[in-house]
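# Per-entry structural report
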Amino acid sequence: MYSPIRRAERYFEFAALGTNWRTEILAGVTTFVTMAYIIFVNPSILHEAGMPAAAVTAATCLAAAIGSLLMGGFARYPIALAPGMGLNAYFTYSVVKGMGIDWRVALGAVFLSGLAFLLLTAIGVRQMIVSAIPPELYAAVAAGVGLFIALIGLKNSGIVVANPATLVGLGDLHAPPTLLALFGLLATAAMLCARVKAAILVGVVATWLMALLTHTFQWQPQPYNLSDISATAGQLSIRGALGIGLIEIVFVFLFVDLFDNVGTLVAVTKKAGLVRPDGEIPRLNRILFADATATIAGSMAGTSTVVSYIESAAGVAVGGRTGVASIVTGLLFLVALFVAPLVASIPAAATAPALILVGALMISAVTEIEWADPMVAVPAFLTLITIPLTFSIANGLAFGITSFAVLRLLGGKATRKDWMLFILAALFILRFIYMAKSN
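Anyway, here's the lowdown on the structure attached to this text. The structure presented is a predicted model; accordingly, all values stated were derived computationally and were not measured.

### Some remarks on the nonpolar core
Formed by 125 residues in total, the largest nonpolar core has its most connected members in Phe91, Val145, Phe253 and Phe259. At 14 residues, the largest contribution of residues to this core is made by helix 13 (residues 247-272). For Phe259, the contacting residues outside a window of four places in its chain are Ile129, Ile393, Ala394, Leu397, Leu424 and Phe428. If you look at the next biggest cluster of nonpolar residues, it comprises 5 residues, including Val160, Leu185, Ile356 and Leu357.

Listed below in structure tokens is the structure:
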């Protein structure tokens, strides 16, 4: 008779994946610490849409907890979820402030997009879309996301800054936050070289403590109470979102979320070695149901679209291979519901080195790309380069899939099995045309 612990190990396939409880817990904590910034960044963005910041803080923690627990327990993957950056900005600046839509109606649109996700998953459309992505592009997506993560880390650390003449440039290396990030980068890299398994987590904590000791980061806790969530929970207006004029908004939430999630899914599972040799991702249906349900729950709690977080790669980098890692992350978000101001004291300079180094680890996927074959190399390169330079996983997939489809067509290698690939390419082309008109 198996004990509950043994049953859990069998359910999460510890033996087959070569992992253990210590590694999975460490991975979950690492992922949480790396993405904890969302607890205070998301409320700061949605607050500009007129939403109460304290309520959104609680909703952010709750949505992230539900999504991560679902992904870990139901889908059994080390992928954490939380309200997505980019989509929260679209929610605030384009929908609410740009179009003059009330935030309650915008939440209704998020709910409808989540419902559409659930429907597309139930009838198998989302699975077909994932399956239509050429396996040749999987490595390019993983490497491109690695560059994306590293760019975010370099930006958050102040090492790379915007430059009107050259787009980007070197930041002020004398600035205290940047010096702090450089300290964390060198310390963490040294621990990785020494094969310290908890190097990334220890690096974040050490940099955080250094920030407190050197007064580089000033922590100013904001008033917060768990009951504040009542100001946004259940306040969404589905009836208002059903207006014909909001179909476009629902579609944008749906489209961007779909391909950002697909890109994250491919990158993280590829890095974790969970993709089968034929390119199939096990339990794909469960993964897609988990993120769709999380978006619906998030809209009801009072936050924008919930997505799979690419920072999950930080947990995978320290050995996370099962859903236990995501469950740990989800439980920590539940704890954060009660101590959100404390979690918000982790400065960007402390997590930036982790993102840079995870990006360095993910770039190794480029060795799997057949660079000698132009039909593979060109789409792979476009995917690889446009993900970080357009700050969008969805854009990278768009360039990669479209160019792959066009080259197959021009090269006379297209077959009937590629029908979904060409539909996706056509949709991406229409998206680019729509974006050009909108600008």
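### Concerning the packing of helix 4 (residues 38-46) against helix 5 (residues 53-75)
Across the interface, helix 4 lies against helix 5 with an axial gap of 8 Å and an inter-helix angle of 135°. Classified by the angle between their axes, helix 4 and helix 5 sit oblique to one another. Note on packing geometry: the crossing formed by helix 4 with helix 5 is right-handed. Residues Ile38, Ile39, Asn42, Pro43 and Leu46 of helix 4 form the contact with helix 5, whose participating residues are Ala53, Val56, Thr57, Thr60 and Cys61. Here the contact of helix 4 with helix 5 is composed, by residue class, of 7 nonpolar, 3 polar and no charged.

### Quick word on helix 5
Here helix 5 spans 31 Å end to end across 23 residues, near enough to the 33 Å set by a 1.5 Å rise per residue. Once helix 5 ends, the next one or two residues include Arg76, with phi positive near 65°.

### Describing the environment of Leu118
By the element assignment, Leu118 lies in helix 7 (residues 103-122). Judged by relative accessible area, Leu118 falls into the partly exposed class, the value being 24%. Taking C-alpha positions, Leu118 is 6.3 Å from Phe289, a pair spaced 171 residues apart along the chain. Leu118 has contacts with Phe289, Ala292, Thr293 and Ile296, leaving out every residue within four places of it along the chain.

### Brief notes about a nonpolar patch on the surface
On the surface, Met128, Trp419, Ile423, Leu427, Ile429, Leu430 and Ile433 cluster together into a nonpolar patch covering about 620 Å² of accessible area. Among the elements that line the nonpolar patch, the one with the most residues is helix 20 (residues 419-438), at 6 residues. In this structure, Ile433 sits in helix 20. Judged by relative accessible area, which is 41%, Ile433 ranks as partly exposed.

### Quick look at the pairing of strand 2 (residues 160-163)
As judged from the 4 bridges shared by strand 2 and strand 3 (residues 167-170), these two strands associate in the antiparallel manner. Counted as the bridge partner of Val160 is Leu170 from strand 3.

### Concerning the side chain of Arg408
Mapped onto the elements, Arg408 comes out in helix 19 (residues 393-410). For Arg408, a relative accessible area of 17% puts it in the buried group. Discounting residues that sit within four places of it in the chain, Arg408 has contacts with Met375, Lys413, Ala414, Asp418 and Leu421.

### Describing unusual backbone geometry
Phi is positive for Glu13, which is not a glycine, with a value near 60°. For Glu13, the location among the structural elements is in the loop between helix 1 (4-11) and helix 2 (14-17). One non-glycine residue, Arg76, adopts positive backbone phi at about 65°.

### Considering the pattern of salt bridges
Within the structure shown, the criterion is met by 7 salt bridges. Between Asp102 and Arg104 there is a salt bridge, with its nearest N and O atoms 3.2 Å apart. Notably, a salt bridge pairs Arg408 with Asp418, separated by 3.1 Å at the nearest N-O pair. Taken together, the residues Arg408 in helix 19 and Asp418 in the loop between helix 19 and helix 20 connect sequence positions 10 residues apart. A cluster of three or more residues bridged by salt bridges with shared partners is formed by Glu13, Arg76 and Arg283.

### A look at helix 4
Every buried residue of helix 4 is listed here: Ile38, Ile39, Asn42, Pro43, Ile45 and Leu46. One side of helix 4 holds all its buried residues, which, seen down the axis, span an arc of 165°.

### With respect to the environment of Asn20
With respect to the element layout, Asn20 can be found in the loop between helix 2 and helix 3 (21-35). Asn20 sits in the partly exposed class, given a relative accessible area of 36%. When the C-alpha atoms of Asn20 and Glu9 are compared, they prove to be 8.2 Å apart, with 11 residues separating the residues in sequence.

### Notes on the side chain of Thr351
The residue Thr351 is located in helix 17 (residues 348-362) in this model. Setting aside residues up to four positions removed in sequence, Thr351 forms contacts with Val33, Thr34, Val204 and Ile346.

### Examining the packing of aromatic side chains
A complete count under the given rule lists 5 aromatic pairs for this structure. With a centroid separation of 4.9 Å and 80° between ring planes, the pair formed by Phe32 and Phe333 is classed as edge-to-face. Linking Phe32 in helix 3 with Phe333 in helix 16 (residues 323-343), this pair joins segments that are 301 residues apart in sequence. Judged by relative accessible area, Phe32 falls into the buried class, the value being 7%. Relative accessible area serves as the criterion here: at 0%, Phe333 is assigned to the buried category. We note Arg76 situated over the ring of Tyr11; from NZ or CZ to the ring centre the distance is 4.7 Å.

Conventions adopted
Residues numbered from 1 in each chain as written. Predicted model: local features only at pLDDT ≥ 70, side-chain atom pairs only at ≥ 80, totals over all residues. Heavy atoms only, no water. Core = buried A, V, L, I, M, F, W, Y, C linked by side-chain atoms within 4.5 Å. Buried < 20%, exposed > 50% of the residue type's maximum accessible area, 1.4 Å probe, protein only. Helix = DSSP H or I, 4+ residues; strand = E, 2+ residues; numbered from the N terminus. Contact = heavy atoms within 4.5 Å. Axes fitted to C-alpha atoms, helices over the stretch in contact; angles between N-to-C directions. Parallel < 35°, antiparallel > 145°, perpendicular 65-115°, else oblique. Left-handed = near helix turned anticlockwise from the far one by under 90°. Nonpolar A, V, L, I, M, F, W, Y, C, P; charged D, E, K, R; others polar. Expected span 1.5 Å × (residues − 1). Patch = residues over 30% accessible without salt bridge, like charges linked within 9 Å, V, L, I, M, F, W, Y side chains within 5 Å. Areas by Shrake-Rupley, 256 points an atom, 1.4 Å probe, with all protein chains shown as cover. Salt bridge = Lys/Arg side-chain N within 4 Å of Asp/Glu carboxyl O. Pairing = 2+ DSSP bridges. Arc of directions from axis to C-beta. Phe/Tyr/Trp six-rings, centres within 6.5 Å; stacked < 30°, edge-to-face > 60°. Lys NZ or Arg CZ within 6 Å of the ring centre and 35° of its normal.

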